[in-house]
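Architecture at a glance
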Amino acid sequence: MKPGTYTLSASSTLTASGTSSNWIRVTQWEGTNGSVIVEGNGAVDYPIILSGSFIRIDRLIVRKARIACIRMNSDNRNDLWFDHLTVTDWDLNAGADQYYAGISIQNNPTRIVVEYCSFKKRATLSDADPGQRDGTGNGIWIKAGTQYGTDSGGQHVFRYNTFVGGYDPIGSEVEDDVRGGFFYNTDIYGNTIRYWADDAI
């Protein structure tokens, strides 16, 4: 993408999938200066919606979502890679659910990597301001459970990210299901987490 601010009046939806040898990548055009900013106009629920697998999104600023800045809205998807993103101002209406998140991924995803990203719930507020903890939206939210199938889920990596605010900076559901949440073989390390409302992880 060319550097600049892309203010959306509707969600930008990527429905395609890549493959294990040919990923889809959304990033700043190589060799260009400045930032790529993808933002809602205050009325957009999800600035970016994904539906496929084998997708990498990196080197963007994504902000100003009524619900979630980046949303995976299909079940049982795999291999999503988010790195060097700045994600701010999700859950603008201080909603009542954890999926009102910076990055929101539903229903048995497999191999989600989030690394070297910065999450701050309210960009213009100081880190310790109570507004960083309004609502129940997480920094990262993943949902998994037996009801969504038994042949996918888990194997995620969340590392070297910075989180300011949110309900759970790194959170998941379903909590009372053996296959719920991050499920299994998930690595979480090297993250900096400050001023959250409920659980850090």
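This one's a predicted model, so the numbers in the text were calculated from it and none came from an experiment. (Residues numbered from 1 in each chain as written. Predicted model: local features only at pLDDT ≥ 70, side-chain atom pairs only at ≥ 80, totals over all residues. Heavy atoms only, no water.)

**Concerning a negative patch on the surface**
Note the cut-off: Patch members must show over 30% relative accessible area and no salt bridge, and they are joined within 9 Å when carrying like charges or within 5 Å when they are nonpolar side chains of Val, Leu, Ile, Met, Phe, Trp or Tyr. Here the Shrake-Rupley method, with its probe set to 1.4 Å, supplies the accessible areas, and only the displayed protein chains count as covering residues. When a carboxyl oxygen of Asp or Glu is within 4 Å of a side-chain nitrogen of Lys or Arg, the pair counts as a salt bridge. Charge assignment: positive for Lys and Arg, negative for Asp and Glu; neither His nor the chain ends contribute. The atoms used to mark charge sites are NZ of Lys, CZ of Arg, CG of Asp and CD of Glu. Strands are runs of DSSP state E lasting at least 2 residues, helices are runs of H or I lasting at least 4, and numbering of each runs from the N terminus.
On the surface, a cluster of negative charge is contributed by E175, D176, D198 and D199. Among the secondary structure elements, D176 is positioned in the loop between β17 (170-173) and β18 (187-189).

**Describing the layout of surface pockets**
In plain terms, the rule: The way it works is a 1 Å grid over only the protein atoms, where trapped points that fit a 1.4 Å probe form a cavity and open points with protein on both sides within 12 Å along at least five of seven lines form a pocket, and then any residue with an atom within 4 Å of a point lines it. Grid points are joined across faces, edges and corners, and a volume is the space filled by probe spheres set on the points. Polarity classes work like this: nonpolar for Ala, Val, Leu, Ile, Met, Phe, Trp, Tyr, Cys and Pro, charged for Asp, Glu, Lys and Arg, and polar for all others, with Gly in that last group.
Considering only enclosed or pocket space, the largest pocket measures out at about 150 Å³ in volume. The wall of the largest pocket is formed by M1, Y6, L8, S12, T13, L14, V26, V38, I48, L50, I57 and L60. When residues in the lining of the largest pocket are grouped by element, the largest group, three residues, is from strand β2 (residues 12-14). Residue classes in the lining of the largest pocket are distributed as ten nonpolar, two polar and no charged.

**Considerations on the pattern of salt bridges**
Convention followed: When a residue's accessible area, from a 1.4 Å probe over protein chains only, is under 20% of the maximum for its type it is buried; when over 50% it is exposed; and in between it is partly exposed.
Taken as a whole, this structure holds twelve salt bridges when the rule is applied. One salt bridge connects K64 with E39, and the closest N-O pair in it is separated by 3.6 Å. One end of the pair, K64, is in the loop between β7 (61-63) and β8 (70-72); the other, E39, is in strand β4 (residues 36-40), and 25 residues separate them in sequence. Notably, a salt bridge pairs D83 with R56, separated by 2.9 Å at the nearest N-O pair. Placement of D83 in strand β9 (residues 78-83) and of R56 in strand β6 (residues 55-58) is noted, with a sequence separation of 27 residues between them. Of the two residues examined, D83 and R56, each falls in the buried class. A single network of salt bridges, built from pairs that share partners, joins R25, R56, D58 and D83.

**Quick word on the sheet that holds strand β12 (residues 110-115)**
Which entries qualify depends on this criterion: Here a strand pair is declared whenever DSSP counts at least two bridges between the two strands. With axes taken as lines fitted to C-alpha atoms, and helix axes fitted only over the stretch in contact, angles between N-to-C directions fall between 0 and 180 degrees.
Taken in spatial order, the six strands line up as β3-β6-β9-β12-β15-β18 in an open sheet, and their pairing is parallel. Since the sheet does not close on itself, it has two edges, and those belong to β3 (24-26) and β18, each with one partner. Neighbour-to-neighbour, the strand axes of the sheet open up by a mean angle of 10°, direction not taken into account.

**What about the pairing of β9?**
Where a strand is regular, its side chains alternate between the two sheet faces. Taken across its six residues, β9 has five buried, putting it largely inside the fold. Relative to β9, β6 runs parallel, the two being bridged by four bridges. Bridging from a neighbouring strand, I55 pairs with L80 of β9. Bridging between β9 and β12 involves five bridges; their strand directions are parallel. Within β12, the position partnered with L80 by the bridge is I112.

**A closer look at the packing of aromatic side chains**
The geometry of an aromatic ring pair is captured by the separation of the ring centres together with the interplanar angle, meaning the angle of the planes. Convention followed: For this analysis, a ring pair means two rings from Phe, Tyr or Trp (six-membered ring only for Trp) whose centres lie within 6.5 Å, classed as stacked if their planes differ by under 30 degrees, edge-to-face if by over 60, and tilted for the remaining angles.
Under the defined criterion, the tally for this structure stands at ten aromatic pairs. Consider the rings of W23 and W81, whose centres lie 6.1 Å apart with planes at 85°: the pair is edge-to-face. Of this pair, W23 sits in the loop between β2 and β3 while W81 is found in strand β9, placing the two residues 58 residues apart along the sequence. With a centroid separation of 6.3 Å and an interplanar angle of 80°, the aromatic rings of W90 and F119 are classed as edge-to-face. Residue W90 is located in the loop between β10 (86-88) and β11 (103-105), and its partner F119 is located in strand β13 (residues 118-120); the two are separated by 29 residues in the primary sequence. Among the residues examined, W90 registers a relative accessible area of 0% and is labelled buried. Take F119: its relative accessible area is 1%, and that puts it in the buried class. What links up through ring pairs into an aromatic cluster is the set W23, F54 and W81.

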